[in-house]
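Structure assessment
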Amino acid sequence: MSRQFTIKVPATSANIGPGFDVVGLSVSLHLTLTVSIPAPSGQPHSAPSITYTGEGADEVPLDAYKNLTTRVSLYVLRCNNIRSFPSGLKIHAHNEIPFGRGLGSSGAAVIAGVLLGNEIGQLNLSTERILDFALMVERHPDNVTAALIGGFVGSYLRELDEADTAAASVPLSEVLPEYPPDAGEDWGLDPPPPPSGIGHYIRFGWSESIKAIAIIPRFELSTAKAREVLPLQYSRKDLVFNLQRLAVLTTALAQNPPDPDLIYEAMKDRIHQPYRKTLVLALISPVSPLPAKSPIQIPGLPEVTSSITPATHPGLLGICLSGAGPTILALATSNFDKVAEDARSIFKSENIEVDWKVLNIAGGSEVTQIQI
Ligand SMILES: Nc1ncnc2c1ncn2[C@@H]1O[C@H](COP(=O)(O)OP(=O)(O)O)[C@@H](O)[C@H]1O
Ligand SMILES: N[C@@H](CCOP(=O)(O)O)C(=O)O
């Protein structure tokens, strides 16, 4: 029997200030796949067809063996003894999540890939197992967990025993190998399956009055590069600074009405944002030309936080880097356009063009069967 279904995965903003690699928030931009699988026929095997519209359409590979989402789905299938895509598989992706801006585009692509493998193979994986597969690809849990579960989510990775640590530490190149163009059923070894129960999470409350304003510079910054600049060790003072704020923040964002004084301070961070300010121009691949100034900082955050506050902009709750940046996220209950336009002016004075969007908190990933 032929089948059709859609997979809809939200964007995410990770960290929310002090929660580096711990918290994520799903927001109302989506990656949506529309998938059709014909009934098996006696025809020769045909390769998957991918079409793609929206964000990233000019750069995303349309070869199923190179595209992140379909490679992840093949990982899931191969771990479950299904060694190739079904013949005649058609996927249309429509993407609203800009690439490399700190809004979890890769986390969404990974979750979409795991859900795609699960549906193609009719594997009936549990939520926990879906998360295991995603964590073998995107190894920090904040984006993928929030994209899967939806809402404001905190997560940790279980301490693994020696065998599971080895299984979870295989290089990404074994999980997502470089498939040759003609990779068929016989190509390559079976990939290593994930250990069970790697990720654990909880959804926090979220005050319905709070929206997220994403101020999105028109250049990309790869998350991998923005992680390379972080130190391996931190002082006790800085760790305590973040822990104190994160503990307060997770409950403060659920209160009605939210308390701006409490939240503004609780969204401060000393673990990642200060280091990411100093990223140099060479690390940034421009989508539009950047000002000729080097080294360049992730621009705007110190200027925006010092001049846009709850006192100057009533309704504002707090400001942070979204994920690894360069997007800046402001949480607010009102005055959204004023906050965004004033942030835009600050960027403009640095010759940086930005787009901004007022986003709602989104639900988790959804798979919907289409009756045909
Ligand atoms: N929908 C998608 N389909 C395929 N690949 C994607 C998709 N979304 C993101 N990617 C890949 O992920 C990269 C961006 O990942 P990353 O640097 O982690 O930034 P982000 O903060 O957007 O997650 C893109 O350059 C692209 O290679
Ligand atoms: N905790 C991670 C989150 C990265 O999010 P992304 O949306 O930038 O991929 C980090 O800060 O590195």
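Here the structure is a predicted model, which means the values were calculated and not measured. Per chain, the residues get numbers from 1 upward, laid out in the order the sequence is written. All chains are assigned letters beginning with A, and all ligands numbers beginning with 1, in the order in which they are written. Restriction of local features to residues with pLDDT of at least 70 applies here, the model being predicted, together with a cutoff of 80 or more for giving and counting side-chain atom pairs; totals for whole chains, interfaces and linings are based on all residues.

With that settled, the discussion passes to the domain arrangement of the protein chain. Note: interface size is frequently given as the accessible area lost on complex formation between the parts. The start and end points of each domain follow an automatic or database-based domain assignment. You can read the domains of the protein chain as domain 1 (3-201) and domain 2 (207-359). The C-alpha-based centres of domain 1 and domain 2 are spaced at 27 Å. Think of it this way: build a C-beta for each residue from its backbone, and any pair within 7 Å is a contact. Listed per partner, the contact involves 24 residues of domain 1 and 29 residues of domain 2. Secondary-structure elements contributing two or more residues to the side of domain 1 that touches domain 2 are β1 (3-14), β2 (23-37) and β5 (152-157). Runs of E in the DSSP output that reach at least two residues are strands. Runs of H or I that reach at least four are helices, and both are numbered from the N terminus. Considering each element in turn, the side of domain 1 that touches domain 2 owes the most residues, four residues, to β2.

Glancing now at the site of ligand 2. The C-beta atom of each residue is placed using the backbone, and any residue whose C-beta lies within 6 Å of a molecule or strand is treated as near it. As a structural note, the neighbourhood of ligand 2 is formed by 17 residues, with A14, G102, T223, G323 and A324 the closest of them. Here the shell around ligand 2 gets three residues from one element, more than from any other, and that element is helix α7 (residues 223-228). Nonpolar residues are Ala, Val, Leu, Ile, Met, Phe, Trp, Tyr, Cys and Pro. Charged residues are Asp, Glu, Lys and Arg, and all others, Gly as well, are polar. By residue class, the composition of the shell around ligand 2 is five nonpolar, nine polar and three charged.

Interaxial distance between helix α1 (residues 68-79) and helix α2 (residues 105-120) falls to 7 Å at its minimum, and their mutual angle equals 40 degrees. Overall, the two elements α1 and α2 adopt an arrangement that is oblique. Read as a crossing pair, α1 and α2 show a hand that is right-handed. Of the residues in α2, those in contact with L68, T69, T70, R71, V72, S73, V76 and L77 of α1 are S106, A109, V110, A112, G113, V114, L116, G117, N118 and I120. Counted by class, the contact of α1 with α2 contains ten nonpolar, seven polar and one charged residues. Angles here are taken between N-to-C directions and fall from 0 to 180 degrees, while the axes themselves are lines fitted to C-alpha atoms, restricted in helices to the stretch in contact. Small angles under 35 degrees read as roughly parallel and large ones over 145 as roughly antiparallel, with 65 to 115 read as roughly perpendicular and the rest as oblique. By convention, the crossing between two helices is left-handed when the near helix turns anticlockwise from the far helix through less than a right angle, and right-handed when the turn is clockwise.

What follows deals with the site of ligand 1. Close to ligand 1 lie 22 residues; L68, S105, S106, A109 and T223 are nearest. Those elements that provide at least two residues to the shell around ligand 1 are α1, β4 (90-95) and α2. By residue number, the principal contributor to the shell around ligand 1 is α2, which donates four residues. Looking at side-chain class alone, the shell around ligand 1 contains eight nonpolar, 13 polar and one charged residues. Counting contributing residues, the shell around ligand 1 receives three or more from each of domain 1 (3-201) and domain 2 (207-359).

With that out of the way, let us pick up the packing of α2 against helix α3 (residues 127-137). When two helices pack together, their arrangement is given by the angle between the helix axes and by the axis-to-axis distance. Where α2 contacts α3, the two axes come as close as 9 Å, and the packing angle between them is 130 degrees. Judged by the inter-axis angle, α2 sits oblique to α3. Here α2 runs over α3; the crossing is right-handed. Mapping the contact onto sequence places V110, I111, V114, L115 and N118 in α2 and I130, F133, A134 and V137 in α3. Of the residues assigned to the contact of α2 with α3, the class counts are eight nonpolar, one polar and no charged.

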